[in-house]
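# Coordinate analysis (summary)
This is what each chain is made of:
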Amino acid sequence: MKSLIGAAVGALCLAAPALAETPAAIVEDVQGKVDGIAFMDYVAPGKIIKLGPKASITLSYLKSCQRETISEGVVLVGAEQSTVQLGEVKREKVPCDTNAAKLSEREANQSAATTFRTMRSDSKGAPAKLPTLYGVAPLVQAKSGSTLVIERTDGKEPTISVPLKNDVMIGGKFYDFAKAGKSLTPGGSYLAILGAKRYAFQVDASATSSPTPIVGRLLRLE
């Protein structure tokens, strides 16, 4: 088995592109022996992951909204999906919005008023769609030690203010509304405030409280 894995790693190394800094996917679940990879890690294109016997990993791709559960074998992370040797992969397309999964510098540095003005209209003045989350409990990437504020912008709803202390953060960089027992309203529009940063987003009208894939509710503010 080790010789087969070694051969597979060698083949994938030959096929692997140069490593990129921009993450392609997030690790949603890890079961069994998987060296160098942990829950909620980001992985970049070109990353090779070796899965031990009976081990599995779930990857959610940020660009393609592809969710993969891979059992055993060797995994080569791609830009939109993985290449798998000596293992099995199950793929499903899940609802997600790449604009919600990545906060642009333009949006991050604007004031609240400017953010809403630019986000709610396109270059011709027509209404623009806000980045959308497909779960009512966002998973927010933010810096530990800061304070996250969530305000409803299209209706009345209590403002949520969360001190992002280490004991409530996953891996020191993620705050999970689901784990904290907090949720937003389906169809609502919101403003996330993190220090001087402002980010407008909305929750899909069909979003439910049922468990949803991470990539569909990921809001990257840092």
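Anything mentioned here points back to the structure above.
I will try to describe carefully the structure that is included in this document. (Residues numbered from 1 in each chain as written. Predicted model: local features only at pLDDT ≥ 70, side-chain atom pairs only at ≥ 80, totals over all residues. Heavy atoms only, no water.)

### Considerations on the state of the cysteines
- The final tally for this structure, using the stated rule, is one disulfide.
- The partner cysteine of C65 in its disulfide is C96, sulfur to sulfur 1.8 Å. Between C65 and C96 the sulfur-sulfur dihedral comes to about -80 degrees; the bridge is accordingly left-handed. Residue C65 is found in the loop between β3 (48-61) and β4 (66-76), and its partner C96 is found in the loop between β6 (88-93) and α2 (98-101); the two are separated by 31 residues along the sequence. Each member of the pair, C65 together with C96, is buried. (Disulfide = S-S within 2.5 Å. Helix = DSSP H or I, 4+ residues; strand = E, 2+ residues; numbered from the N terminus. Buried < 20%, exposed > 50% of the residue type's maximum accessible area, 1.4 Å probe, protein only.)

### A closer look at the sheet that holds strand β8 (residues 139-141)
- Spatially, three strands are ordered β11-β8-β14 in an open sheet, and the strand pairing comes out mixed. Across the chains shown, the open sheet's two edge strands, defined by having one partner strand only, are β11 (174-176) and β14 (218-220). In this sheet, adjacent strand axes meet at a mean angle of 20 degrees when their direction is disregarded.
- As paired strands, β8 and β14 are joined by three bridges and run parallel to one another. Counterpart to L139 in the pairing with β14 is L218. (Pairing = 2+ DSSP bridges. Axes fitted to C-alpha atoms, helices over the stretch in contact; angles between N-to-C directions.)

### Observations concerning the environment of I193
- Within the secondary structure, I193 sits in strand β12 (residues 189-194).
- Sequence separation between I193 and V149 is 44 residues; the distance between their C-alpha atoms is 5.0 Å.
- Sequence-distant contacts of I193, that is, excluding residues within four places in its chain, are made with T147, L148, V149, E151 and R198. (Contact = heavy atoms within 4.5 Å.)

### Regarding the pattern of salt bridges
- In the structure shown here, the tally under the stated rule is eight salt bridges.
- One salt bridge connects E28 with R67, and the closest N-O pair in it is separated by 2.9 Å. One end of the pair, E28, is in strand β1 (residues 25-31); the other, R67, is in strand β4, and 39 residues separate them in sequence.
- Two residues, K33 and D35, come together in a salt bridge whose shortest N-O distance is 3.1 Å. (Salt bridge = Lys/Arg side-chain N within 4 Å of Asp/Glu carboxyl O.)

### Let's talk about unusual backbone geometry
- In this structure, E72 is a non-glycine residue whose phi angle is positive, near 55 degrees.
- Residue placement: E72 occurs in strand β4.
- For E72, a relative accessible area of 29% corresponds to the partly exposed category.
- A positive phi angle, close to 65 degrees, is found at L86, a residue other than glycine.
- Residue position: L86 is located in the loop between β5 (83-85) and β6.

### Section: the side chain of T132
- Mapped onto the secondary structure, T132 falls in strand β7 (residues 132-133).
- Judged by its relative accessible area of 2%, T132 is buried.
- At a separation of 3.0 Å, a polar atom in the side chain of T132 contacts the side chain of Q202.
- Dropping the residues within four chain positions of it, T132 is found in contact with D97, A100, Q202, V203 and D204. (Polar contact = N/O pair within 3.5 Å; in protein donor to acceptor, adjacent residues only side chain to side chain.)

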